[in-house]
Amino acid sequence: MKKMSALLGVFLTTSLLMAGGNVSTKLSTVAKIPAKTYQENQTYIEKDVQLMWQDKAYTESEYGAYKRQRSIGKAGSYRHAVKYCQRLNYAGFSDWRLPTSDELTHVHSKKGQVFSYFRDNDFWSSTPTVENKYYVVFPADAIRYARSKQQSNFIRCVRAR
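Quantities reported herein were computed from a predicted structural model and do not represent experimental measurements. (Residues numbered from 1 in each chain as written. Predicted model: local features only at pLDDT ≥ 70, side-chain atom pairs only at ≥ 80, totals over all residues. Heavy atoms only, no water.)

J.: Tell me what's going on with the pairing of strand β1 (residues 43–46), and back it up with residues and numbers.
T.: Residues Y44 and E46 of β1 are buried on one face, while the alternating residues T43 and I45, pointing to the opposite face, are not. Where β1 hands over to strand β2 (residues 51–54), the hairpin turn is made up of four residues, of which Q50 adopts a positive phi near 55°. (Buried < 20%, exposed > 50% of the residue type's maximum accessible area, 1.4 Å probe, protein only. Helix = DSSP H or I, 4+ residues; strand = E, 2+ residues; numbered from the N terminus. Pairing = 2+ DSSP bridges.)

J.: Before we move on, could you go through the side chain of H108 and cite the residues and values that matter?
T.: Within the fold, H108 resides in helix α4 (residues 101–108). Judged by relative accessible area, which is 11%, H108 ranks as buried.

J.: Can you lay out helix α3 (residues 78–87) for me, pointing to particular residues and giving the numbers?
T.: Within the span of α3, buried status applies to Y78, A81, Y84 and C85. Buried residues of α3, seen end-on, are gathered within an arc of 120° and therefore sit on one face of the element. Residues of α3 that are exposed and angled more than 90 degrees away from the buried face: R79, Q86 and R87. Those residues of α3 hidden inside the fold are in contact with β2, β3 (75–76), β4 (123–128) and β5 (133–138). (Arc of directions from axis to C-beta. Contact = heavy atoms within 4.5 Å.)

J.: Outline the packing of aromatic side chains, supporting the account with residue identities and numerical values.
T.: Under the criterion given, the structure shown has eleven aromatic pairs. Taking the centre distance of 6.0 Å and the plane angle of 75° together, the rings of W53 and F115 count as edge-to-face. In this pair, W53 sits in strand β2 while F115 sits in the loop between α4 and β4, placing the two residues 62 residues apart along the sequence. Neither W53 nor F115 differs from the other in exposure class; each is buried. Ring centres of Y66 and F154 lie 4.6 Å apart, and the angle between their planes is 25°; on these two criteria the pair is classed as stacked. Here Y66 is found in helix α2 (residues 60–67), whereas its partner F154 is found in strand β7 (residues 153–154), with 88 residues between them in sequence. For the pair Y66 and F154, a shared accessibility class is recorded, and that class is buried. Against the face of Y58 rests K74, its NZ or CZ located 5.0 Å from the ring centre. For R144, the ring lying beneath its charged end belongs to Y135, and the centroid distance is 3.9 Å. (Phe/Tyr/Trp six-rings, centres within 6.5 Å; stacked < 30°, edge-to-face > 60°. Lys NZ or Arg CZ within 6 Å of the ring centre and 35° of its normal.)

Following this line, the structure appears as structure tokens:
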């Protein structure tokens, strides 16, 4: 047992000495992080109509809620969307609301993608239509469509600037 312990000790010491090799005392450089990374409380200012838009990343759980017709965060039913915006305290403001279909159509008809964080699915508006439905706007074509209040869609809040 003593011989085995001694042999193991010699083996470990030799291994550590050999593994040390050519060690530099300088630390490696830290990778640069690009300027366009996730920013907390990011907004988009629509100057021509004086509106401030919430521009926050959509999570996988929100996308899952959208797909499963559930309500979580920035995805859910019409009722959830209204409450989400009313309760939102974001970027130092608490006067957020659900945008009208005209406001959503206007911001999504601009050339290029104005938001850093977006989804290529319908977004709720506060504009009612017939048969107890509300308009949603599809960002790719900026066209509004009538949807049932129980259907799950994405949410983007807005406030007057």
